[in-house]
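Architecture and fold: a report
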Amino acid sequence: MATRRRLAALALVLSLVLAGCGTDSGAFRTTEPETETPTPASDPSAPTTDAGTTTRTTTTADVTEEYAVPVAGEELPVDPDLTFARVQALVGTDVEPQPVTVRSGSTRSADAGYYDRRPFFRIMGLADANYSTTGASGVTYSDGEVQITTRNASTTEVERVLAHEFTHTVQMRTSMTADLDAAVYGDRTTDYSMTRRSLVEGGAVYVTDVYAERFQNRTVYQSSVVERRYERGPSGNRYLWAPYHFGYQYVEETIDAPAGLSDVYEDYPETTEQLIHGYGPDEEPPAALEVADETDGWYRTDADTKGELVTRIVLRDVLSRERAAAAAAGWGNDRVHVYDHARRDASGVAWTLRMDDAAEATEAVDAFEAYAARQSAAAYRVERVTPRTLVVFGGDEAFVENAHAAGSDGEISVAVGEGVTSLAPSAAPSAAAAAAPDATAAAPA
């Protein structure tokens, strides 16, 4: 029985990859080979056999419809017509199949060059990644068409990947995720994008797990594969796998069976904070936060909201899972400004975070200071601006030394560059002021 009622966000036309889908950029497609043995669940409350493997309630589904899936390319070692019929029987839909293109492919490795070229990822440690594609993988396009690469994977693994991709076809062709697609045009932040991808990918992982229970004699849970890949890092890998991992957890706790998949997209969370903690879209809305800047010699190239999930992933790069999660859990809102120097190859990040209260902000400051002390990717400094607000400066040493912030909880001003004098370093609150619940730093005159 589902214990929470929530769900949500897809959005934007995107390519979906992996033992499922892909990043918004389509930069990586990866999976890992699956051994044909059950994988223990991470939830300590999950029922287990004496051998320690997970036992789950089997979902039944009568396969009564027949479909003819158009297939092109290399040989597909499984029956796509039957796989598509089974997915539709589980979800309770009846849409026409879309073409499937099959590639044999080969094992390949890719570093995180795409992320390494993005200053926030490079400066905040998310460019540390190495993806090795050794098993079957797939991608589903916005019209529901599927491309699958088999790479000599077992037939059961190929079938699971195909079931995952067919779930995306069903999501798209039934317009389950239409509201999510429309919403993304009004909110292009990373936080919303991660929320939307989590709900889409989480739904596909959930259906695939039930598919394996119902139709395959020996079960490998895709959710367990995803969990292992997320937990084992490094941070760039964790960033890729987070939507699959947290999205699955959300869906699994929200619905009782694949037939309820459409319910996931009717009243959905809009932030990763809501997704992680099981809040509805009206619970824990982002706190008010506006960030203005004044620069000299630097120009802003990007502005974004990263969200609680990315905050957790960044801190997890050098801190324990428990400490990173606890520090990020006080997230109220954030705004990242990225800067490039006008005359030399240098970048900087000013990451403003507004926490729920002063105690949560203190915890976040301590965590980011520990992060700064252990991270070697760039120079860092953490500035406590108000009791509830902090700014993390990172990047080129000259940027960090000449960047400062001041303001009130909901309105922060950032000054970057030697020629900017409107904000002095002393504008930040003292330790005593930071401890006072209602104290705020004065805004610049």
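The structure presented is a predicted model; accordingly, all values stated were derived computationally and were not measured.

Another point: the pairing of strand 13 (residues 389-395). Counted residue by residue, strand 13 has seven buried out of seven residues, so it is predominantly covered. On strand 13, burial covers both faces: Thr389, Val391, Phe393 and Gly395 on one face and Leu390, Val392 and Gly394 on the other are all buried. Pairing analysis gives seven bridges linking strand 11 (residues 347-355) to strand 13, with the strands arranged antiparallel. Considered in strand 13, the bridge of alanine 350 is made with phenylalanine 393. One ladder, built from seven bridges, connects strand 12 (residues 379-386) with strand 13; its direction is antiparallel. Note that in strand 13 the partner of tyrosine 380 across the bridge is glycine 394. Between strand 12 and strand 13, which pair antiparallel one after the other, the connecting turn spans two residues.

The mixed open sheet is built from three strands, whose spatial order is 8-15-14. Each of the sheet's edge strands pairs with one partner strand only, and the pair in question is strand 8 (290-295) and strand 14 (403-408). Sheet twist, expressed as the average angle between the axes of neighbouring strands with direction ignored, equals 20°. Bridging between strand 14 and strand 15 (residues 411-416) involves six bridges; their strand directions are antiparallel. Residue pairing in the sheet places alanine 403 in a bridge with valine 416 of strand 15.

Given a rise of 1.5 Å per residue, 26 residues ought to cover 38 Å, and the 36 Å separating the end C-alpha atoms of helix 6 (residues 190-215) matches this to within 8%. Across the 26 residues of helix 6, 25 count as buried, placing the element largely inside the fold.

Right, let's get into the confidence of the model for the protein chain. On average, residues of the protein chain score 82 in pLDDT, and 78% of them reach the 70 mark or higher. Counted against residues more than four places away or in other chains, residues 1-20, with its pLDDT under 50, gives 113 contacts. Note on residues 426-445: pLDDT under 50 across the span, and 34 contacts to partners over four residues away in sequence or across chains.

Attention now moves to the packing of helix 10 (residues 307-316) against helix 12 (residues 358-374). Direction vectors running N to C along helix 10 and helix 12 enclose 40°, while the axes themselves pass 10 Å from each other. The orientation of helix 10 with respect to helix 12, classified from their angle, is oblique. For the pair formed by helix 10 and helix 12, the contact residues are Thr311, Val314 and Leu315 on the first element and Ala367, Phe368 and Tyr371 on the second. Residues belonging to the contact of helix 10 with helix 12 are distributed by class as follows: five nonpolar, one polar and no charged.

Strand-to-strand pairing in sheets goes through backbone hydrogen bonds, with the strands running parallel or antiparallel. Reading across the sheet, the five strands line up as 9-10-11-13-12 and stay open at both edges, with antiparallel pairing between neighbours. Edge positions in the sheet fall to strand 9 (298-304) and strand 12, since each of these pairs with one other strand and no more. Each strand of the sheet is rotated relative to its neighbour by a mean of 20°, with strand direction disregarded. Relative to the sheet, helix 10 contacts strand 10 (331-341) and strand 11, its axis offset from that of strand 10 by approximately 65°.

Next up on the list: a negative patch on the surface. A surface patch of like charges, here negative, comprises Glu266, Asp267, Glu270, Asp282, Glu283, Glu284, Asp356 and Asp357. The topology assignment puts glutamate 270 in the loop between helix 8 (235-254) and helix 9 (272-277). A relative accessible area of 40% means that glutamate 270 is categorised as partly exposed.

For the rest of this paragraph, the subject is the environment of asparagine 130. Topologically, asparagine 130 is positioned in strand 5 (residues 130-133). Here the alpha-carbon distance between asparagine 130 and asparagine 237, two residues 107 residues apart in the chain, equals 7.0 Å.

The next subject is the pattern of salt bridges. Inspection of every chain in the model, using the stated rule, returns nine salt bridges. A salt bridge links arginine 86 to glutamate 159; the shortest N-O distance between them is 3.1 Å. One end of the pair, arginine 86, is in helix 1 (residues 80-91); the other, glutamate 159, is in helix 4 (residues 155-173), with 73 residues separating them in the sequence. Given a relative accessible area of 12%, glutamate 159 falls into the buried group. Note that aspartate 396 is salt-bridged to arginine 344, the shortest N-O span being 3.4 Å. Of the two residues, aspartate 396 is situated in the loop between strand 13 and helix 13 (397-401) and arginine 344 in the loop between strand 10 and strand 11; the sequence distance between them amounts to 52 residues. Taking relative accessible area as the criterion, arginine 344 reaches 38% and is therefore assigned partly exposed. Within the structure, one salt-bridge network assembled from shared partners comprises Glu231, Arg316, Arg321 and Glu322.

The residue aspartate 128 is located in the loop between helix 3 (119-123) and strand 5 in this model. What makes aspartate 128 partly exposed here is its relative accessible area of 45%. In this structure, aspartate 128 is in contact with Pro234, Ser235, Gly236 and Asn237, ignoring residues within four places of it in sequence.

Definitions and cut-offs
- Residues numbered from 1 in each chain as written.
- Predicted model: local features only at pLDDT ≥ 70, side-chain atom pairs only at ≥ 80, totals over all residues.
- Heavy atoms only, no water.
- Buried < 20%, exposed > 50% of the residue type's maximum accessible area, 1.4 Å probe, protein only.
- Helix = DSSP H or I, 4+ residues; strand = E, 2+ residues; numbered from the N terminus.
- Pairing = 2+ DSSP bridges.
- Axes fitted to C-alpha atoms, helices over the stretch in contact; angles between N-to-C directions.
- Expected span 1.5 Å × (residues − 1).
- pLDDT = per-residue confidence, 0-100.
- Contact = heavy atoms within 4.5 Å.
- Parallel < 35°, antiparallel > 145°, perpendicular 65-115°, else oblique.
- Nonpolar A, V, L, I, M, F, W, Y, C, P; charged D, E, K, R; others polar.
- Patch = residues over 30% accessible without salt bridge, like charges linked within 9 Å, V, L, I, M, F, W, Y side chains within 5 Å.
- Areas by Shrake-Rupley, 256 points an atom, 1.4 Å probe, with all protein chains shown as cover.
- Salt bridge = Lys/Arg side-chain N within 4 Å of Asp/Glu carboxyl O.
- Lys, Arg positive; Asp, Glu negative; His and termini not counted.
- Charge placed at Lys NZ, Arg CZ, Asp CG, Glu CD.

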